[in-house]
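Spelled out, the chains give:
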Amino acid sequence: PDTVACFDLLVPRIGELIGGSEREDDLELLQDAARQAGVNAHGELDWYFDLRRYGSVPHAGWGMGFERLIQFATGVENIRDVIPVPRSPGMFEY
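All values derive from a computational prediction rather than experimental measurement.

Trainee: How should I be thinking about the environment of glutamine 71 in this particular structure?
Mentor: Here glutamine 71 shows up in helix α3 (residues 66–74). Residue classification places glutamine 71 among the buried residues on the basis of a relative accessible area of 4%. Excluding residues that lie within four positions of it along the chain, glutamine 71 makes contacts with Arg13, Ile14, Val76, Glu77, Asn78, Ile79 and Val82. Polar contacts involving the side chain of glutamine 71 include one to the main-chain carbonyl oxygen of valine 76, which spans 3.4 Å. Among the polar contacts made by the side chain of glutamine 71, one reaches the main-chain carbonyl oxygen of glutamate 77 at a distance of 2.9 Å.

Listed below in structure tokens is the structure:
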């Protein structure tokens, strides 16, 4: 098809607040896409294909950016001011 089953809720000055889409459930289409992209040469996606082969049904999902929701609700201009646990490069050692 020429379209996809997805959506984004865009809010002025915030950006994407919510995004969602329908997952691809056609096993052959997924396997063809993996072949064309050159992935799964060693079977690393077989577990994912098995989900479609043995029990998947058409399904969809969505997600909301918590920080963006707080930014929208409070009117704070900079998203950095509403992040509950700030992150920066080199902050964690591992």
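Trainee: Hey, could you run me through the pairing of strand β2 (residues 15–22) in this one?
Mentor: Note on strand geometry: in a regular strand, side chains alternate between the two faces of the sheet. Across six bridges, strand β1 (residues 6–11) lies against β2 in antiparallel orientation. Within β2, the residue paired with leucine 9 across the bridge is isoleucine 18. One ladder, built from five bridges, connects β2 with strand β3 (residues 60–64); its direction is antiparallel. Looking at β3, one finds that glycine 20 is bridged to tryptophan 62.

Trainee: Help me understand the pattern of salt bridges in this model?
Mentor: Between side chains of opposite charge, pairing is possible as soon as their charged atoms come close. Applying the stated rule across the entire model yields two salt bridges. For the salt bridge of arginine 35 with aspartate 32, the shortest nitrogen-to-oxygen distance reads 2.5 Å. With arginine 35 and aspartate 32 both in helix α1 (residues 27–37), this residue pair falls three residues apart, about one helical turn. The exposure class assigned to aspartate 32 is partly exposed, which follows from its relative accessible area of 35%.

Trainee: Quick question: what am I supposed to make of the sheet that holds β2 here?
Mentor: Working definition: the strands of a sheet are paired by backbone hydrogen bonds and lie parallel or antiparallel to each other. The antiparallel open sheet is built from three strands, whose spatial order is β1-β2-β3. This sheet does not close on itself; its edge strands, each paired only once, are β1 and β3. Between one strand axis and the next, the sheet turns by 10 degrees as a mean value, whatever way the strands run. Each of β1, β2 and β3 is contacted by α3, which is oriented at about 135 degrees to β2, the strand it contacts most.

Trainee: Can you help me understand a nonpolar patch on the surface in this one?
Mentor: Judged by side-chain polarity, Phe7, Trp62, Met64, Leu69 and Phe72 come together as a nonpolar surface patch covering roughly 520 Å² of accessible area. Its place among the elements puts leucine 69 in helix α3.

Trainee: I would appreciate a short explanation of the packing of α1 against helix α2 (residues 46–53) in the present structure.
Mentor: Two quantities define a packed helix pair, namely the angle between the axes and the distance from one axis to the other. The contact between α1 and α2 brings their axes to 9 Å, and the two run at 160 degrees. In terms of orientation, α1 lies roughly antiparallel with respect to α2. For the pair α1 and α2, the crossing hand works out as right-handed. Of α2, the residues touching α1 (which contributes Leu27, Leu30, Gln31 and Ala34) are Tyr48, Phe49, Arg52 and Arg53.

Rules used in this analysis
Residues numbered from 1 in each chain as written. Predicted model: local features only at pLDDT ≥ 70, side-chain atom pairs only at ≥ 80, totals over all residues. Heavy atoms only, no water. Helix = DSSP H or I, 4+ residues; strand = E, 2+ residues; numbered from the N terminus. Buried < 20%, exposed > 50% of the residue type's maximum accessible area, 1.4 Å probe, protein only. Contact = heavy atoms within 4.5 Å. Polar contact = N/O pair within 3.5 Å; in protein donor to acceptor, adjacent residues only side chain to side chain. Pairing = 2+ DSSP bridges. Salt bridge = Lys/Arg side-chain N within 4 Å of Asp/Glu carboxyl O. Axes fitted to C-alpha atoms, helices over the stretch in contact; angles between N-to-C directions. Patch = residues over 30% accessible without salt bridge, like charges linked within 9 Å, V, L, I, M, F, W, Y side chains within 5 Å. Areas by Shrake-Rupley, 256 points an atom, 1.4 Å probe, with all protein chains shown as cover. Parallel < 35°, antiparallel > 145°, perpendicular 65-115°, else oblique. Left-handed = near helix turned anticlockwise from the far one by under 90°.

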